[in-house]
Amino acid sequence: MSENLTVAEVVQRAAQIDAMLDAINGTSPDAVQAMGGRDALARRSEMTCLGPVPRLGVDEWERMSQEYEGRREHGSINRGE
């Protein structure tokens, strides 16, 4: 089913997609690169009520999670502290 969106809605969704891709790439750049980069991640994402979410297998989510945790433990990720 396709939706008829206004220009403002399209721009808002594009900004939402861009922000999500930036966030994922910022926390797991190696995993994103292994998937083929940011564009490949975008192609594997779908819109949800939370915004765009990549469709990934368990192994890919695990790899991203481990990379995030490893970077966080070593101070590479700002935890707001």
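Here's what I pulled together on the structure shown here.

Scoring rules and cut-offs
All residue numbers refer to positions counted from 1 along the written sequence of the respective chain. Local features in this predicted model are restricted to residues of pLDDT 70 or higher, and side-chain atom pairs are both shown and tallied only at a pLDDT of 80 or more, whereas totals for entire chains, interfaces and linings draw on every residue. Water and hydrogen atoms were dropped before computing side-chain values, which therefore reflect all heavy atoms in the structure. Where helices and strands are cited, they refer to DSSP runs of H or I of at least four residues and of E of at least two residues respectively, numbered from the N terminus. Under the scheme applied here, a residue whose accessible area is under 20% of the maximum for its type counts as buried, over 50% as exposed, and between as partly exposed, the area being computed with a 1.4 Å probe on protein chains only. Note on contacts: a residue pair qualifies if any of its non-hydrogen atoms lie within 4.5 Å across the two residues. All accessible areas in this document rest on Shrake-Rupley with a 1.4 Å probe, and a residue is counted as covered only by the protein chains that are shown. When DSSP finds two or more bridges between a pair of strands, those strands are recorded as paired. Here the nonpolar core consists of buried residues drawn from Ala, Val, Leu, Ile, Met, Phe, Trp, Tyr and Cys, with membership extended through side-chain atoms lying within 4.5 Å. The charge count treats Lys and Arg as positive and Asp and Glu as negative. His and the chain ends do not count. Salt bridge, as used here: a side-chain nitrogen of Lys or Arg that lies within 4 Å of a carboxyl oxygen of Asp or Glu. Residues adjacent in sequence count toward polar contacts only when both atoms are side-chain atoms; beyond that, a polar contact is any pair of N or O atoms within 3.5 Å, and within protein one must be able to donate a hydrogen and the other to accept it. Helix axes are fitted to C-alpha atoms over the stretch in contact, other axes to C-alpha atoms as well, and angles between N-to-C directions run from 0 to 180 degrees. Should an angle fall under 35 degrees it is taken as roughly parallel, and over 145 as roughly antiparallel, whereas 65 to 115 is taken as roughly perpendicular and any remaining angle as oblique. Think of it as three bins: nonpolar holds Ala, Val, Leu, Ile, Met, Phe, Trp, Tyr, Cys and Pro, charged holds Asp, Glu, Lys and Arg, and polar takes everything else, Gly as well.

1. What about the overall build of the protein chain?
Summing up its helical and strand segments, the protein chain has 4 helices and 2 strands in all. Secondary structure elements of the protein chain, listed N to C terminal, follow the sequence α-α-α-β-β-α. Taking all 81 residues of the protein chain together, the buried fraction comes to 22%. Of the contacts formed within the protein chain by residues at least 6 apart in sequence, a portion of 44% connects residues at least 24 apart. A total accessible area of about 5,800 Å² is found for the protein chain, and carbon and sulfur atoms account for 51% of it.

2. Describing the pairing of strand β2 (residues 51–54)
In terms of strand pairing, strand β1 (residues 45–48) meets β2 through 4 bridges, oriented antiparallel. When the sheet's bridge partners are listed, Glu46 is paired in β2 with Val53. Taken together, β1 and the strand that follows it, β2, pair antiparallel across an intervening segment of 2 residues.

3. Let's talk about the nonpolar core
In terms of nonpolar packing, the biggest core is built from 8 residues, these being Leu21, Ile24, Ala31, Val32, Met35, Leu41, Leu56 and Met64. Listed by contribution, the elements that provide at least two residues to this core are α1 (7–27) and α2 (29–34). Setting aside residues no more than four positions away along its own chain, Ile24 makes contact with Pro29, Val32, Leu41, Pro54 and Met64.

4. Considering the side chain of Glu67
As for its position among the elements, Glu67 is in helix α4 (residues 58–73). One buried charged residue, Glu67, remains without a salt bridge, the closest side chain of opposite sign being Arg71 at 4.8 Å. Here Asp30 takes part through its backbone nitrogen, which lies 2.8 Å from a polar atom of the side chain of Glu67. Of note is the side chain of Glu67, whose polar atom sits 2.8 Å from the backbone nitrogen of Ala31.

5. Looking at the packing of α1 against α4
In the contact formed by α1 and α4, the axes pass within 8 Å of each other and the chain directions differ by 65°. The pairing of α1 with α4 is recorded here as roughly perpendicular in orientation. Mapping the contact onto sequence places Ile24, Gly26 and Thr27 in α1 and Met64, Glu67, Tyr68 and Arg71 in α4. Looking at side-chain class alone, the contact of α1 with α4 contains 3 nonpolar, 2 polar and 2 charged residues.

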